[in-house]
Amino acid sequence: MKNKLEVLLPGMKQSKLFTKTTKDAPKDEVSVNAQLLIRAGFIDKEMAGVYTLLPLGLRTLKKIENIIREEMNAIGGQEILMPSLHPKENWLKTGRWDTMDDLYKVKDASGREMALGPTHEEVVVPLMQRFINSYKDLPFAAYQFQTKFRMELRAKSGILRGREFVMKDLYSFHLTEKDLDEYYEKSKEVYFKIFTRVGLKDVTHLTFASGGSFSKYSHEFQTVTPAGEDTIYVCSKCGLAINKEIKDEVHECPECQNKDFIEEKSIEVGNIFKLMNKYSAPFDLSVKDESGEKKNVLMGCYGIGLGRLMGTVVEVHHDEKGMIWPEAVAPFKVHLLSLNQNDKSQEIYDALAEAGIEVLFDDREANPGVKFADADLIGLPYQLIVSEKNLKENKVEVKNRKTGEVEYISLSSSEVVKYFQNK
Ligand code: ATP
Ligand code: MG
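Reading the values: the criteria
- Residues numbered from 1 in each chain as written.
- Chains lettered and ligands numbered in written order.
- Predicted model: local features only at pLDDT ≥ 70, side-chain atom pairs only at ≥ 80, totals over all residues.
- Heavy atoms only, no water.
- Helix = DSSP H or I, 4+ residues; strand = E, 2+ residues; numbered from the N terminus.
- Rg over C-alpha atoms; globule rule 2.2 N^0.38 Å.
- Buried < 20%, exposed > 50% of the residue type's maximum accessible area, 1.4 Å probe, protein only.
- Contact = heavy atoms within 4.5 Å.
- Pairing = 2+ DSSP bridges.
- Axes fitted to C-alpha atoms, helices over the stretch in contact; angles between N-to-C directions.
- Phe/Tyr/Trp six-rings, centres within 6.5 Å; stacked < 30°, edge-to-face > 60°.
- Lys NZ or Arg CZ within 6 Å of the ring centre and 35° of its normal.
- Core = buried A, V, L, I, M, F, W, Y, C linked by side-chain atoms within 4.5 Å.
- Domains from an automatic or database assignment.
- Buried area = accessible area lost by both parts, 1.4 Å probe.
- Salt bridge = Lys/Arg side-chain N within 4 Å of Asp/Glu carboxyl O.
- Polar contact = N/O pair within 3.5 Å; in protein donor to acceptor, adjacent residues only side chain to side chain.
- Nonpolar A, V, L, I, M, F, W, Y, C, P; charged D, E, K, R; others polar.
- Parallel < 35°, antiparallel > 145°, perpendicular 65-115°, else oblique.

Let us now look at the overall build of the chain. In terms of regular secondary structure, the chain is built from eleven helices and 24 strands. Relative to the compact-globule value of 22 Å for 423 residues, the chain shows a C-alpha radius of gyration of 24 Å, a close match. Referenced to the eigenvectors of the C-alpha coordinate spread, the extents of the chain come out at roughly 80 × 60 × 45 Å. Per-residue burial over the chain gives 54% buried out of 423 residues. Long-range pairs, those at least 24 residues apart, make up 67% of the contacts in the chain between residues at least 6 apart in sequence.

Turning next to the sheet that holds strand β7 (residues 113–116). Spatially, the three strands line up as an open sheet ordered β5-β7-β6, and their pairing is antiparallel. Strands at the two margins of the open sheet, each flanked by one partner only, are β5 (85–87) and β6 (104–107). Across the sheet, the mean angle from the axis of one strand to that of its neighbour is 40°, orientation sign disregarded. Where β6 lies against β7, four bridges are found, and the strand directions are antiparallel. The residue of β7 that forms the bridge with Lys105 is Ala115.

Note the cis peptide between Leu138 and Pro139, where omega equals -5°. You can see Pro139 is positioned in the loop between α5 (121–129) and β8 (140–149). Even without being a glycine, Asp202 presents a positive backbone phi close to 70°. Position of Asp202 relative to the elements: it lies in the loop between α6 (177–197) and β10 (204–210). According to the relative accessible area criterion, Asp202 is exposed, its value standing at 64%. The phi dihedral of Gln257 falls on the positive side, at around 65°, and the residue is not glycine.

To describe a pair of aromatic rings, you give the distance between the ring centres and the angle between the ring planes. Scanning the entire structure with this criterion turns up 13 aromatic pairs. A centroid spacing of 5.6 Å and a plane angle of 15° characterise the contact between Phe42 and Trp325, whose relative ring orientation is stacked. Placement of the pair is Phe42 in the loop between α1 (32–39) and β2 (43–47) and Trp325 in the loop between β19 (322–323) and β20 (334–338), with a sequence separation of 283 residues. In this structure, Phe42 and Trp325 share a single accessibility class: buried. Here the aromatic rings of Tyr191 and Phe221 are separated by 5.1 Å at their centres, their planes lie at 40°, and the arrangement is tilted. One end of the pair, Tyr191, is in helix α6; the other, Phe221, is in strand β11 (residues 217–224), and 30 residues separate them in sequence. This pair shows no difference in class: Tyr191 is buried, exactly as Phe221 is. One aromatic cluster in this structure is built from Tyr191, Phe192, Phe195 and Phe221. Over the ring of Tyr233 we find Lys247, and its NZ or CZ is 5.3 Å from the ring centre. The ring of Tyr184 carries the charged tip of Lys274 above its face, separated from the ring centre by 4.7 Å.

Now for the nonpolar core. By size, the foremost hydrophobic cluster in this structure holds 63 residues, and its most contacted members are Phe42, Leu309 and Trp325. Looking at this core element by element, the count peaks at seven residues for α6. In this structure, this core is formed jointly by two domains, domain 1 (2–21 + 332–421) and domain 2 (32–319), each of which donates at least three residues. Excluding anything up to four places from it in sequence, Phe42 contacts Leu37, Thr52, Leu53, Leu54, Leu56, Gly57, Thr60, Met310, Met323, Trp325, Pro331 and Ile378. Among the nonpolar cores identified, the runner-up in size contains 21 residues, and Tyr349, Leu352, Tyr382 and Tyr419 belong to it.

We now examine the domain arrangement of the chain. Structurally, the chain comprises domain 1 (2–21 + 332–421) and domain 2 (32–319). Computed over C-alpha atoms only, the centres of domain 1 and domain 2 are separated by 37 Å. The partner domain 2 presents 15 residues to the 14 residues of domain 1 that form the contact. Carbon and sulfur atoms supply 61% of the area that domain 1 and domain 2 bury against each other, a total of about 1400 Å² over both sides. Our count for the contact surface shared by domain 1 and domain 2 stands at three salt bridges. Where Glu358 meets Lys63, a salt bridge forms, and the shortest distance between an N and an O atom there is 2.4 Å. For the pair domain 1 and domain 2, the number of links is four residue pairs in polar contact (both at pLDDT 80 or more). Residue classes in the side of domain 1 that touches domain 2 are distributed as seven nonpolar, three polar and four charged.

This part takes up the packing of α1 against helix α7 (residues 306–316). Two elements in contact, α1 and α7, have axes whose closest approach is 9 Å; the angle formed by their N-to-C orientations is 95°. Classified by the angle their axes make, α1 and α7 are roughly perpendicular. On α7, the residues that touch Val32, Asn33, Leu36 and Leu37 of α1 are Met310, Gly311, Val314 and Glu315. Here the residues of the contact of α1 with α7 sort into five nonpolar, two polar and one charged.

Let us look at the side chain of Thr223. As for its placement among the helices and strands, Thr223 is situated in strand β11. Residue classification places Thr223 among the buried residues on the basis of a relative accessible area of 0%. A distance of 3.0 Å separates a polar atom in the side chain of Thr223 from a polar atom in the side chain of Thr204. Apart from residues lying up to four places away in sequence, Thr223 is in contact with Leu200, Val203, Thr204, Lys265, Ser266, Ile267, Val269, Thr312 and Val316.

Below, the structure written as C-alpha cells:
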C-alpha cells in the first residue's frame, strides 16, 4: 500500500520541468554517477561533496527512502528525526570530540561549541535514557532519515561520498546479547531485501569487516563495481565476502570454509554493527534485570547512505547513452515522447496519470534526436513513442530502455494504460 504521506505526483510535463539536460558535466567531476546525474538534471553540484537534489533526483531518492522505510518498519523500527546540532558535552563523554577526524565543529556567537552530527549515538543514547526505565521497556529500535555531516577529505566520487548526505540510521536496544544477536540476524535479511528491491541483487555481498575493539566482526554490504573505493574478496563458492582490511586474519570463508576468493572493487552501501555497551556505558544507559542486577543496555547500529545507494545504482546500471533505472527506483516508469505536437499524446498522458502510472511527458518543441538522446540519458524503464508514422498506423511504440526491445500497442489510451498496468 502507498504511504499517504509520501505521495508523488504520477505525471509531469518536461516542458514545465525547470531542469535541462546538458551535454557535458563539470570538468572536475570524474565519477560516472556524478557525470550522468548532473547531465540528466537529477543533481546539481554546489561544491565538492555537496549536492542539491533536483526534482528527478529527489523522486528517485524518495523511492529509495520508502523502500528502506518499509523494511525498517518490518523489523519494528519506529521512525524519529534527531537534530543535526549536537552538544559538545555529549561528544566529550564518548571521547569522540577529540578522536573523530571528520567531525565538523561549529561555534555560536556566545562561544558555545557544537558538533554537526556525522552519526547519532551521542544523541540517541541520552534520548533513550529519558525513556528506558526498566528491562520491560526493552527491546526496541528507532531509526531516522537524516542529513549527516562529515569532513571527507577525498570527496571525488560524486554522491557516493558526500560531505553532507542523507543516511538511514537505526539503533536497537536490548537487555541480552542473545536478543541483540537475533535482531542483528533479522537486520541482515531486510538489508538484503532492500538491496534486492533497489536493483542490486547478485552484485551485493555480505562482507566481514573488522569490528573494532568491542566485537570481533561487523558486517558491510558491498556492491561490486569498478567505481568502488573498497576491495573485497568474494568466496567463489557461497558469495560471502571479506574486506581487504581484515583479510590477513582470515584464511578461509567463515561461512563455508572455502579457500578460493575473487578480488573485486566495491562500494560499501550499508553496514551493521554490534555496539554492545560501547555507547551505553559512557552515558550509563542501564536497567535492572529481572534479578535486580544492573546491566548496561546493549545496542546495535545499522546504517545505509541513501545518496550513496542511488549513486551505486547508477554505477551498476548505465551504458554509454545514459542511466538505466530499475523500475522500483526510477523517478517515473514511462517516458512519453511526443515527436510532433498532437492531441493523442496529451490524451495518453492524462490517461496514464489518471491511472496512477508514473509518466514523464516530453511535450517540448524539440527535434526527435534530442528527445531520444534525453530519454536514454534520463533512463526511465519504458519509452513510449508517438510519432507521425505511428499515428498514421494507429499504434504506439514501447521501447524497453534496458533491453532495447520494441513492442507496438494499439493507439488507444485505455490499451496503453492496460499495457502498463500489466507490466
Ligand atoms: P566509509 O568507509 O565509506 O567512509 P563509513 O564506515 O564511514 O563508510 P558509516 O559511518 O558506517 O560509514 O556510515 C553508514 C553508511 O553511510 C555507509 O555504509 C554508507 O552507505 C553511508 N556513508 C558513509 N559515509 C558516507 C558519505 N561520505 N557519503 C555518502 N554516504 C556515506
Ligand atoms: Mg567514513
